[in-house]
Amino acid sequence: MATTVTSKGQVTIPKPVRDRLGIKPGNAVDFRMDPDGRVVLLKVEGSSANPFEKWRGSAGPGLSTDEIMTLTRGDA
């Protein structure tokens, strides 16, 4: 799969490659240069543009809406 380098040195990773590696917007990638001159593209595991993404959903259920409203109103 060929792609064109822009004047800024950027390239678009073809969709079949992104799909195969599971690369999504915000993911980091790494380039490994082999001794024979080939360059290998690798997805950096656990990479995300948002550093808090790995914590999403880890806090547990927490208080219910009714419990929060009771605390907010001072009814407790």
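As the structure is a prediction and not an experimental result, all values here were calculated from the model. (Residues numbered from 1 in each chain as written. Predicted model: local features only at pLDDT ≥ 70, side-chain atom pairs only at ≥ 80, totals over all residues. Heavy atoms only, no water.)

S.K.: Honestly, the overall build of the protein chain in this entry has me stumped. Any pointers?
M.R.: Helix and strand content of the protein chain: 2 helices and 2 strands. Listing each helix as α and each strand as β along the protein chain from the N terminus yields α-β-β-α. For the protein chain, with 76 residues in total, the buried portion stands at 4%. In the protein chain, 4% of the contacts between residues at least 6 apart in sequence involve partners at least 24 apart. For the protein chain, the exposed surface amounts to about 6,900 Å²; the carbon and sulfur share of it is 56%. (Helix = DSSP H or I, 4+ residues; strand = E, 2+ residues; numbered from the N terminus. Buried < 20%, exposed > 50% of the residue type's maximum accessible area, 1.4 Å probe, protein only. Contact = heavy atoms within 4.5 Å. Areas by Shrake-Rupley, 256 points an atom, 1.4 Å probe, with all protein chains shown as cover.)

S.K.: Which parts of the structure should I look at to understand helix 2 (residues 65-73)?
M.R.: In an α-helix there are 3.6 residues to a turn, and that puts residues three or four apart on one side. By the criterion of burial, helix 2 is predominantly exposed, with just 0 of the 9 residues buried. Positioned one or two residues after helix 2, Gly 74 has a phi angle of 75 degrees, which is positive.

S.K.: Sorry, what's going on with a nonpolar patch on the surface here?
M.R.: Together, Phe 31, Met 33 and Val 39 give the surface a local cluster of nonpolar side chains, amounting to about 370 Å² of exposed area. Mapping Phe 31 onto the fold places it in strand 1 (residues 29-33). (Patch = residues over 30% accessible without salt bridge, like charges linked within 9 Å, V, L, I, M, F, W, Y side chains within 5 Å. Salt bridge = Lys/Arg side-chain N within 4 Å of Asp/Glu carboxyl O.)

S.K.: Looking at this structure, how should I read the pairing of strand 2 (residues 39-43)?
M.R.: Put simply, side chains in a regular strand alternate between the two faces of the sheet. Two elements, strand 1 and strand 2, share 5 bridges in a ladder whose sense is antiparallel. By the bridge assignment, Val 29 is partnered in strand 2 with Lys 43. Hairpin geometry of strand 1 and strand 2 is characterised by an intervening segment of 5 residues between the two adjacent antiparallel strands and by a positive phi of about 95 degrees at Gly 37. (Pairing = 2+ DSSP bridges.)

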